[in-house]
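For reference, the chains in residue letters:
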Amino acid sequence: MDDVDRKILAELQQDGRLTITELAERVRLSVSPCHRRLRALEHSGAISGYRAHLDAHALGLTFEALVFVTMRAADRDTVDAFEAAVAAVPHVLQAQRLFGDPDYLLRVITHDLPAFQRLYDDRLATLPGVQRLSSTLVMKSVVENRPLPL
């Protein structure tokens, strides 16, 4: 990956809807070489997809919480079952396995506190292998959806 590839990635992180012509202009390439580089970045996995960034508040998803999960056991079957089950919960925006205690950090979004309570009681607390859940509410997001540093 060279500086031109990094410029292509930076531009696409800012606006994934750029046409190939606009992208080529911004990175100072002609259309054909820019297109070849873009396809190579996609095939290498550096670009894993394109999607729209939605505004959660505009969609009524105004309640965000961080949920810390401590597991009963850390054997492969328990971990696999938990990870598959948590991946199937649409309100879990991120799930990260951690070193130490707790075992997982979940970023969860819902419409309001009652919706979060139902999700917590009915889905999260019943996930395979969960020993304990602890949550904290997000007051505000200071940095989010930041482009990756290139």
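Residues numbered from 1 in each chain as written. Predicted model: local features only at pLDDT ≥ 70, side-chain atom pairs only at ≥ 80, totals over all residues. Heavy atoms only, no water.

Engineer: Give me the pattern of salt bridges: which residues, what numbers.
Structural biologist: Pairing between side chains becomes possible if they bear opposite charge and their charged atoms approach one another. Taken as a whole, this structure holds eight salt bridges when the rule is applied. Among the ionic pairs, Arg 37 bridges to Asp 2, the shortest N-O distance being 2.9 Å. Residue Arg 37 is found in helix α3 (residues 31-44), and its partner Asp 2 is found in the segment before α1 (3-14); the two are separated by 35 residues along the sequence. The salt bridge partner of Arg 132 is Asp 101, with a shortest N-O separation of 3.9 Å. Of the two residues, Arg 132 is situated in strand β4 (residues 130-137) and Asp 101 in the loop between β2 (92-97) and β3 (104-110); the sequence distance between them amounts to 31 residues. Residue Arg 132 is classed as partly exposed on the basis of its relative accessible area of 43%. Among the charged side chains, a network of salt bridges with common partners joins Asp 2, Asp 5 and Arg 37. (Salt bridge = Lys/Arg side-chain N within 4 Å of Asp/Glu carboxyl O. Helix = DSSP H or I, 4+ residues; strand = E, 2+ residues; numbered from the N terminus. Buried < 20%, exposed > 50% of the residue type's maximum accessible area, 1.4 Å probe, protein only.)

Engineer: Kindly report on the packing of helix α2 (residues 20-27) against α3, identifying the contributing residues and their values.
Structural biologist: Where α2 contacts α3, the axes come no closer than 9 Å and their chain directions differ by 100 degrees. Put simply, α2 runs roughly perpendicular to α3. Residues Ile 20, Thr 21, Leu 23, Ala 24 and Val 27 of α2 form the contact with α3, whose participating residues are Val 31, Cys 34, His 35 and Leu 38. (Axes fitted to C-alpha atoms, helices over the stretch in contact; angles between N-to-C directions. Parallel < 35°, antiparallel > 145°, perpendicular 65-115°, else oblique. Contact = heavy atoms within 4.5 Å.)

Engineer: Provide a residue-level description of the sheet that holds strand β1 (residues 63-71), including the pertinent values.
Structural biologist: Strand pairing in a sheet is mediated by backbone hydrogen bonds. Such pairs are either parallel or antiparallel. In space, the four strands of this open sheet follow the order β2-β3-β1-β4, with antiparallel pairing throughout. Pairing within the sheet leaves two strands with one partner each, and these edge strands are β2 and β4. Neighbour-to-neighbour, the strand axes of this sheet turn through a mean angle of 20 degrees, independent of strand direction. Against the sheet, helix α4 (residues 76-87) engages β1, β2, β3 and β4, with an angle of about 160 degrees to β2. (Pairing = 2+ DSSP bridges.)

Engineer: Now, about the packing of α1 against α2: what can you tell me, with residues and values included?
Structural biologist: At a minimum axis separation of 10 Å, α1 and α2 run at an interaxial angle of 125 degrees. In terms of orientation, α1 lies oblique with respect to α2. The hand of the α1/α2 crossing is right-handed. Residue-level inspection shows Lys 7, Ile 8, Glu 11 and Leu 12 of α1 in contact with α2, the latter providing Leu 23, Arg 26 and Val 27. Its residues assigned to classes, the contact of α1 with α2 shows four nonpolar, no polar and three charged. (Left-handed = near helix turned anticlockwise from the far one by under 90°. Nonpolar A, V, L, I, M, F, W, Y, C, P; charged D, E, K, R; others polar.)

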